Amino acid sequence: MDEDAVAELIEEALPEAQATVTTPRDPDDDKHYAVRVVSPAFEGESLVDQHQLVHDALGDHLTRDIHAIELTTLTPEEAE
Amino acid sequence: MAFEPEELSPEEVTDQVDSVIEDNEVVLFMKGNELMPQCGYSKKALALLQQHRDDIETVDVLKATDAYREALERHSDRETIPQTFVDGEFIGGSDILEQLDERGELAEKVGQ
């Protein structure tokens with residue numbers, strides 16, 4: 001599963017989300033992704049719940065098609 | 001030192017996961033152990049927790065990875081490793097510990 005597909009999954013599930021997906025370690029390792037998600041849906045949510053929203057969006061893909069993600073979640077203000 | 005993980009049945013793993021989460025304040029399910037973390041994320045999670053706690057109960061999931069993933073999913077909805085629990089509550093993997101740390105919220109979350 002490549003970066004764009006991961007970003008698409010998240011952006012479809014979360015209202016007005018912007019997902020930036022990169023490969024932190026070696027470029028051809030398509031299993032580990034660094035994912036940065038900015039969305040108003042995070043407002044008022046605890047960090048744990050924000051992360052859960054993204055994990056829910058990825059569903060079973062996480063660990064089956066995507067080995068691991070390093071996730072950072074931000075509200076639009078925090079992302080400025 | 002020959003490393004042969006003793007065979008744990010899924011039931012034994014499930015029981016162990018349930019009791020370890022209940023009986024300990026801070027639990028880290030990781031790949032490897034405190035002396036020999038076997039994965040970067042597990043090592044990072046352990047280091048972040050060790051900044052605030054010296055009584056972390058670690059569990060090496062490599063002994064029965066699939067069984068641990070299944071047992072953990074019932075507690076956290078996730079199969080990724082590592083996983084941290086504080087007072088029975090799922091906190092997250094190493095990325096959330098890192099983000100909590102960056103925001104200065106980790107100490108409060110893991111209870112000094």
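Worth saying up front: this structure is predicted, and the values here are computed from it rather than measured. Throughout this description, residue numbers start from 1 for each chain and increase along the sequence as written. Lettering for chains starts from A, numbering for ligands starts from 1, and both go in the order in which the items are written. Only residues with pLDDT of 70 or above have their local features reported here, since the model is predicted, and side-chain atom pairs are shown and tallied only from 80 upward, although totals for entire chains, interfaces and linings are computed over all residues. Side-chain descriptors were evaluated using all non-hydrogen atoms of the structure, hydrogens and water having been removed beforehand.

## Overview of the sheet that holds strand β1 (residues 26-30) of chain B
All names here are of chain B.
Link 1 in the chain: If you trace the four strands from one edge of the open sheet to the other, you get β2-β1-β3-β4, paired in mixed fashion. Since the sheet does not close on itself, it has two edges, and those belong to β2 (57-60) and β4 (89-92), each with one partner. Strand-to-strand, the axes of this sheet are offset by a mean angle of 25°, without reference to chain direction.
Link 2 in the chain: Following DSSP output, two strands are said to pair if at least two bridges run between them. Helix and strand assignments follow DSSP, with helices taken as H or I runs no shorter than four residues and strands as E runs no shorter than two, numbered in order from the N terminus. Inspection of the sheet shows β1 paired to β2 by four bridges, in the parallel sense. When the bridges of β2 are listed, F29 appears paired with V59.
Link 3 in the chain: Contacting β1, β2 and β3 (83-86), helix α1 (residues 10-23) crosses the sheet at an angle of about 145° to β1. For every element, the axis is a line fit to its C-alpha atoms; helices are fit only across the contacting stretch, and the angle between N-to-C directions ranges from 0 to 180 degrees. Any two residues whose heavy atoms approach within 4.5 Å are treated as being in contact.

## Observations concerning the packing of aromatic side chains
All names here are of chain B.
Link 1 in the chain: Pairing of aromatic side chains requires ring centres within 6.5 Å, counting the rings of Phe and Tyr and the six-membered ring of Trp. Pairs whose planes differ by under 30 degrees are stacked, by over 60 edge-to-face, and all others tilted. According to the stated counting rule, one finds two aromatic pairs over all chains in the structure shown.
Link 2 in the chain: Here the aromatic rings of F29 and F85 are separated by 5.8 Å at their centres, their planes lie at 85°, and the arrangement is edge-to-face. One end of the pair, F29, is in strand β1; the other, F85, is in strand β3, with 56 residues separating them in the sequence.
Link 3 in the chain: Note on classification: 1.4 Å probe, protein chains only; a residue is buried when its accessible area is under 20% of the maximum for its type, exposed when over 50%, partly exposed between these limits. Look at F85 and you get buried, because its relative accessible area is 1%.

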